[in-house]
Amino acid sequence: MSVNSFENYPLSWRPDKSKLTAPYYKSLSDDLEYRIMSGELKEGAKLPPQREVADYLDLNYTTITRVYERLKKKGLIYGVVGRGTFVAGDIKPAESPEVIDLGEASGFENYSSIVIKAAQRVMEKGYLSDLYDNADPAGRPHQLAAGQRWVEQMGVKTDRDHIIICAGAQSALTLAMVSLFSPGDRIATDVYTHANFIGLARLLSIELCPVFGDIRGMCPEELDRLCKNEKIKGVYLMPGCANPTTVTIPEGRRAEIAAVAEKNGLIIIEDDVSSGIFTARGDVKPFYGILPERTVYICGTSKSLCGGLRIGYMVFGDMFREKLLEGLNATTIRTSSLDAEIITELILSGDAYEIVERKRRTAKKANEIFEKYMGSAAPCGSVYSFYRWLPVPGIGRDAEDILRKSGINVYHSSRFKVGNSRAGDFLRVSISGAGSMKRLEKGIKILSRWYETYRKSETKEEKTDV
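Residues numbered from 1 in each chain as written. Predicted model: local features only at pLDDT ≥ 70, side-chain atom pairs only at ≥ 80, totals over all residues. Heavy atoms only, no water.

## Some details on the packing of helix H4 (residues 112-123) against helix H12 (residues 337-349)
H12 packs onto H4 with a crossing angle of 110 degrees between their chain directions and a minimal axis gap of 9 Å. Taken together, H4 and H12 sit at an angle that is classed as roughly perpendicular. Residue-level contacts link Ile114, Val115, Ala118, Ala119, Arg121, Val122 and Met123 of H4 to Leu338, Glu341, Ile342, Glu345, Leu346 and Ser349 of H12. Looking at the contact of H4 with H12 residue by residue, the class counts come to nine nonpolar, one polar and three charged. (Axes fitted to C-alpha atoms, helices over the stretch in contact; angles between N-to-C directions. Helix = DSSP H or I, 4+ residues; strand = E, 2+ residues; numbered from the N terminus. Parallel < 35°, antiparallel > 145°, perpendicular 65-115°, else oblique. Contact = heavy atoms within 4.5 Å. Nonpolar A, V, L, I, M, F, W, Y, C, P; charged D, E, K, R; others polar.)

## Some words on unusual backbone geometry
The omega torsion across alanine 22 and proline 23 is -5 degrees, close enough to zero to call that bond cis. Here proline 23 lies in the segment before helix H1 (24-37). Along the chain, asparagine 243 connects to proline 244 via a cis peptide bond; the corresponding omega equals 15 degrees. When you line up the elements, proline 244 lands in the loop between strand E10 (234-237) and helix H9 (251-263). In this structure, cysteine 241 is a non-glycine residue whose phi angle is positive, near 55 degrees. Looking at the secondary structure, you find cysteine 241 in the loop between E10 and H9. Cysteine 241 sits in the buried class, given a relative accessible area of 1%. Backbone geometry at threonine 246 places phi at a positive 70 degrees, although glycine is not the residue there. Note on placement: threonine 246 falls in the loop between E10 and H9. A relative accessible area of 2% places threonine 246 in the buried class. (Buried < 20%, exposed > 50% of the residue type's maximum accessible area, 1.4 Å probe, protein only.)

## Quick look at the pattern of salt bridges
Scanning the entire structure with this criterion turns up 25 salt bridges. Lysine 26 is paired through a salt bridge with aspartate 30; the nearest N and O atoms lie 3.2 Å apart. Note that lysine 26 and aspartate 30 are positioned in helix H1 at a spacing of four residues, about one turn of the helix. Exposure remark for lysine 26: the relative accessible area of 38% places this residue in the partly exposed category. Lysine 72 is the salt-bridge partner of glutamate 69, the closest N and O atoms lying 3.7 Å from each other. Placement of the pair is glutamate 69 and lysine 72 together in helix H3 (residues 61-73), with a separation of three residues, close to one helical turn. Look at the salt bridges and you will find they share partners, linking Arg121, Lys125, Glu345 and Asp351 into a network. (Salt bridge = Lys/Arg side-chain N within 4 Å of Asp/Glu carboxyl O.)

## A few points about the environment of aspartate 31
Its place among the elements puts aspartate 31 in helix H1. Exposure remark for aspartate 31: the relative accessible area of 21% places this residue in the partly exposed category.

Bear in mind that shape data such as this cannot, by itself, settle questions of function.
Given below as structure tokens:
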């Protein structure tokens, strides 16, 4: 080993050599990112030259170059020619490791070993190089066939001319919005709906119009009344354990909503993002099965199979085909052929269904933990839900900060509310992102103590009012 003249050099970033693991560029990237996000390295701090870090660690110079480039792409650091590399500004410090995430609704990412084996099988196939070109923007024939098999279990029957593979369900939503709607168009939604859809509509200058509902979902009479008073072009629905309310629309109500949509010439965007998880397969006929000619059906695999493989399947009626294909060719929403191939391998091998069943068991256990401490405080539309909708009348968004200081991260209903509609206050509590059942239970205990205090104060106020 060479004599390291930088052993005692005062480096602003001084990685602990004893904690480095292969691959070193990733270990070092994680270390530097943590020091920046935790606030240890402040905005404007000058990082040591790459050569000095390489010499100090006895590593190849290109390894450190790779580290710096990775963090530049994340916007955490920047370089100035002739001056050096610096920590970027406007970086929000990361949450303390002690803060348990009950906000982000992930997909219980505990089954990566099955996905890794599928990826290895794909790599061993002789046609891997064929996946590197941009052919078949809608998806390769055998990948589309696998997609047909996947959506068929949810009651969606289609052919290869009416299905597209996108880079995740959100990309599929984007494709539907830019292809079928224009700025100024109005789309009906639930009062509380998927926050990313709200953001997408705002970005595209499309107006969302809230429609009140009940425990069975959107009220068809209210939708029809809205269509009489406003020029509504479409309706967005999450019929299976809706995000964030967990409401599952029964088949009878779906038929009533579909009838209103047909009467008023609405485009139905059916977001079945976690299909196969929240409701048992084939339990309820989808909107696409009721009104296929006016429905764009979307489902994804990031929640049900693997968060890192963002695949979305879009199925549509013939009247939308030309516009959607035109939109697909005009955007970069198409997915990676390699990602699609791995998901295809999971579906055709049967491993995808094994992952779903495991996630269903995990989700059921997580819901049981929630109910152990919270009882029936937040009724749920599915025993397999990834989140719960907790009513907290009179509680504002500052509850997020209060609970974060107590050690948990949750989301207030204001994040999900459409427009200025008057509605109650809730907390969406994710039970899928804590990282382990032990951490989830710890987080729910914290929530239950806070909720008990809230309920006592609410009862006291009610007595005072009387």
